[in-house]
Amino acid sequence: MRYDNGGDLLVAVLRELGIDTVFGIVSVHNLPLVEAVDRELRFVPVRHEATAVNAADAHGRARGSLGCALTSTGTGAGNAAGSLIEALSAGTSVLHVTGQVESRYLGSGRGFIHETKDQLGMLRAVSAYAATVPSAADAGRVLREAARAALAAPGGPASVEWPVDLQYAAQTDAVLDLPEPLFTAPQGPELAAAGELLASARRPLVWAGGGAARAGSALDALLTATGAGLLTSNSGRGVVPEDDPRVVGNFATAPAGRALLADADVLVSVGTHFRSNETADYALELPAAHVQIDVDPASLGRVYPAAHGLCGDAADVLGALLPYARRTTAEPGWGRRITAVREEVRADLREAIGPQAAICDALRAALPREAVVARDVTIASSSWGNRLLEMYDPRDNVFPRGGGIGQGLGMGIGAALARPGAPTVVLAGDGGLAVHLGELLTLAQERPRLTLVVFNDGGYGVLRNMQDRYGGRRSGVDLATPDFALLARACDVPYRRIGAAEHAGPVLAEAVASQGPVLVEVDLAALGPMKSPFTPPVKIPA
């Protein structure tokens, strides 16, 4: 197949991959690509390259597929690097296509406009795959190899740098018939030994992470067969809907969650990294009888010892364990204990967050089950948005797994455009929103069905609480905050305010029902403080 230029080839490859929306910033070093995408697909011009990757990342998460971002070379690719780290940390599938200087100047160091030293090396450091398009005859192959790498387990972003002269050149392309990767469930002695351990369980628990996202049916069958309760990481939320009485959820470090783990005699973990913030900085203790399932062999036993490590696709491995699970006989009263812990941890958290519980309740009441909830890293998210606000499907659960602030709005825009038939809500703090405040203009321009809820406490509340608790002196945490009503008006976005618990229900119901963007400010000074100030589980040396 012949194409007039690289842009036409890119469009053809994206259509093969089922991608209809691309996020990016136009530049002299990607102009043929942007022009073709804008003509044939949907190009969303964001205001920062980091947002292009965040939005593409969340667009893919919300659809359960691949997202695509276009950036420029040099500084543009560098701006995207932080968000590529997020996608790498989360194992999410992003195709990042960035420009490059003319091929004859590559590596010359002569100071060609937008040139940077070893751009490919930088991209390799923050991507699961990175390559340079070497010729007009190879662009299609490189793009498909990149997409394949991004979609392969354990996932991550794939970056392609494309010299601008090769973008303008006529392209020749041949679709390669690449074999699909084969995943086989573990078998033999290790599977049998893990199965026998599971069959012996009287007080079983399962811990599901993001690697279980597509294994919901198999996981549900395992819970039913064993009588186990389900703990999750933040990434595993919604694999089994969180209104299921067997789901304790993302509460492993709560006192009642710790006690439940201490009493469990077998733990099966599925596709979780056991991140520091979900294990009390690795202080959480797990049962010694631990069966760990992960598609990445390097994950087995990396954080916690595993009596048996089973490498493979989560659904396949769970299916292979199911015959053993059917022999499990849970201890009388274990199911009631799980339900009691589920209720206790939620009641304790509701008490701790004080007036913000009304906002959590109002959001869940206003949102349909299929709504996307995107969260930036802020107190509302870290305390109750990541735990108490129920999730029913992993694709609805969008947040920066790497922990970086400022990514929530871009992710929310990407998710909202992926799922236009349902509302999207973004929870952000005033400090995190300020990192990419310009994306309010993207929100105003694209007009997605998105409610941006900004929790305004005049700075970086998490770090402020840490400094108040441990140091007594504040440094760098108190920030100037805009008048959000005027800011929303300047961007032609409707504005609402919550200053008391009784405002939450009507304000959020109206905002979520809107067919376009709405900015809702939560005035935390007026709303009142949490009963227990939130601090993250980070060790502070004495």
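Residues numbered from 1 in each chain as written. Predicted model: local features only at pLDDT ≥ 70, side-chain atom pairs only at ≥ 80, totals over all residues. Heavy atoms only, no water.

Undergrad: Honestly, the overall build of the protein in this entry has me stumped. Any pointers?
TA: Scanning the protein for helices and strands turns up 21 helices and 20 strands. For the protein, whose C-alpha radius of gyration is 24 Å, the value lies close to the compact-globule estimate of 24 Å for 542 residues. Based on the C-alpha atoms only, the size of the protein along its principal axes is roughly 70 × 60 × 50 Å. Among the 542 residues that make up the protein, the fraction classed as buried is 57%. A sequence separation of at least 24 residues applies to 76% of the contacts in the protein between residues at least 6 apart. Only carbon and sulfur atoms are counted for the fraction: they give 53% of the accessible area of the protein, which is about 20,800 Å². On the protein, the mean spot of the 47 positive side-chain charges and the mean spot of the 58 negative ones are 3 Å from each other. (Helix = DSSP H or I, 4+ residues; strand = E, 2+ residues; numbered from the N terminus. Rg over C-alpha atoms; globule rule 2.2 N^0.38 Å. Buried < 20%, exposed > 50% of the residue type's maximum accessible area, 1.4 Å probe, protein only. Contact = heavy atoms within 4.5 Å. Areas by Shrake-Rupley, 256 points an atom, 1.4 Å probe, with all protein chains shown as cover. Lys, Arg positive; Asp, Glu negative; His and termini not counted. Charge placed at Lys NZ, Arg CZ, Asp CG, Glu CD.)

Undergrad: Teacher, can you tell me more about empty space enclosed by the protein here?
TA: Where empty space is left can be seen by rolling a probe of water-molecule size over the atoms. Evaluated as defined, the whole model comprises two cavities of 30 Å³ or more. Roughly 50 Å³ of internal volume is contained in the largest cavity. Estimates place the volume of the second largest cavity at around 30 Å³. In this structure, the second largest cavity is lined by D376, G406, Q407, G408, L409, A428, G432, L433 and H436. (1 Å grid on protein atoms, 1.4 Å probe; cavity = no way out; pocket = protein on both sides within 12 Å on 5 of 7 lines; lining within 4 Å. Points joined across faces, edges and corners; volume = space filled by probe spheres on them.)

Undergrad: Where do I start with the packing of helix α1 (residues 6-16) against helix α2 (residues 31-40) in this structure?
TA: The relative placement of two packed helices comes down to the angle between their axes together with the axis-to-axis distance. Contact pair α1 / α2: the axes reach a minimum separation of 7 Å and the direction vectors enclose 50 degrees. With respect to their mutual orientation, α1 and α2 come out oblique. Relative to α2, α1 is oriented so that their crossing is right-handed. Between α1 and α2, the contacting residues are G6, G7, D8, L10, V11, L14 and R15 on the first element and P32, L33, A36, V37, R39 and E40 on the second. Among the residues forming the contact of α1 with α2, the class breakdown is seven nonpolar, two polar and four charged. (Axes fitted to C-alpha atoms, helices over the stretch in contact; angles between N-to-C directions. Parallel < 35°, antiparallel > 145°, perpendicular 65-115°, else oblique. Left-handed = near helix turned anticlockwise from the far one by under 90°. Nonpolar A, V, L, I, M, F, W, Y, C, P; charged D, E, K, R; others polar.)

Undergrad: What should I look at first to understand a nonpolar patch on the surface in this one?
TA: A surface patch of nonpolar side chains, amounting to about 260 Å² of accessible area, comprises Y470, V538 and I540. Relative to the helices and strands, I540 resides in the segment after α21 (524-527). Looking at I540, the relative accessible area reads 40%, which means it is partly exposed. (Patch = residues over 30% accessible without salt bridge, like charges linked within 9 Å, V, L, I, M, F, W, Y side chains within 5 Å. Salt bridge = Lys/Arg side-chain N within 4 Å of Asp/Glu carboxyl O.)

Undergrad: Would you explain the packing of aromatic side chains in this entry?
TA: For any pair of aromatic rings, the description rests on two quantities: the centre-to-centre distance and the angle between the ring planes. Enumeration according to the criterion identifies three aromatic pairs in this entry. For the ring pair W207 and F274, a centre distance of 5.1 Å and an interplane angle of 70 degrees mean the geometry is edge-to-face. Of this pair, W207 sits in strand β9 (residues 204-208) while F274 sits in the loop between β12 (266-270) and β13 (290-294), and the two are 67 residues apart along the sequence. Note on accessibility: W207 and F274 belong to one class, buried. (Phe/Tyr/Trp six-rings, centres within 6.5 Å; stacked < 30°, edge-to-face > 60°.)

Undergrad: Can you walk me through the side chain of E49 in this structure?
TA: When you line up the elements, E49 lands in helix α3 (residues 49-63). No salt bridge is formed by the buried E49; its nearest oppositely charged neighbour, R47, is found at 11 Å. Of the polar contacts made by the side chain of E49, one reaches the side chain of N79; its length is 2.9 Å. When residues no more than four places from it in sequence are discounted, the contact partners of E49 are I25, T71, G76, N79 and A80. (Polar contact = N/O pair within 3.5 Å; in protein donor to acceptor, adjacent residues only side chain to side chain.)

Undergrad: Would you mind showing me how to read the environment of L95 here?
TA: Locating L95 in the fold gives a position in strand β5 (residues 94-100). Measuring from C-alpha to C-alpha, the distance between L95 and A371 comes to 25 Å, with 276 residues separating the pair along the chain. Excluding residues within four positions of it along the chain, L95 makes contact with L14, L17, L66, G67, C68, A69, L143, A146, A147, A158 and V160.

Undergrad: Explanation requested: α3 in the structure shown.
TA: Note that an α-helix has 3.6 residues per turn; residues three or four places apart therefore point the same way. Between its first and last C-alpha atoms α3 spans 21 Å; for 15 residues at 1.5 Å apiece the expected length is 21 Å, and the two agree. Among the 15 residues in α3, 14 count as buried, and that is most of the element. Residue G64 follows α3 closely and has a positive phi angle near 70 degrees. (Expected span 1.5 Å × (residues − 1).)

Undergrad: Even after reading the chapter, I still don't get the nonpolar core, so can you show me in this structure?
TA: Ranked by internal contacts, the top residues of the largest apolar core, which has 54 residues, are W207, L261, I359, W384 and F455. By residue number, the principal contributor to this core is helix α12 (residues 334-353), which donates six residues. Other than its neighbours up to four places away in sequence, F455 contacts Q356, I359, A380, W384, L427, A428, G429, D430, V522 and L524. Core analysis: the second largest hydrophobic core is formed by 45 residues, A55, V126, I413 and L452 among them. (Core = buried A, V, L, I, M, F, W, Y, C linked by side-chain atoms within 4.5 Å.)

Undergrad: Would you explain the sheet that holds strand β16 (residues 397-398) in this entry?
TA: Sheet strands line up and pair through hydrogen bonds in the backbone, either parallel or antiparallel. Strand order in this open sheet of six strands is β16-β15-β17-β18-β20-β19, and the pairing throughout is parallel. For this open sheet the edge positions go to β16 and β19 (495-498), each flanked by a neighbour on one side alone. Bridge count between β19 and strand β20 (residues 518-523): four bridges; the pairing is parallel. The partner of R497 across the bridge, within β20, is E521. Strands in contact with helix α20 (residues 504-513) are β17 (424-429), β18 (450-456), β19 and β20; relative to β19, the strand with the most contacts, it is inclined by about 155 degrees. (Pairing = 2+ DSSP bridges.)

Undergrad: Which parts of the structure should I look at to understand unusual backbone geometry?
TA: The bulk of non-glycine residues show a negative phi, and the bulk of peptide bonds are trans. Between A153 and the following residue, P154, the backbone shows a cis peptide bond with an omega angle of 5 degrees. Tracing the sequence through the fold places P154 in the loop between α6 (139-151) and β7 (157-163). With a phi close to 50 degrees, D118 is a non-glycine residue in the positive phi region. Tracing the backbone shows D118 in the loop between β5 and α5 (119-126). Judged by relative accessible area, D118 falls into the exposed class, the value being 52%. With a phi angle near 55 degrees, R447 is a residue other than glycine that sits in the positive phi range. Positionally, R447 belongs in the loop between α17 (439-446) and β18. Its relative accessible area of 34% is what places R447 among the partly exposed residues.

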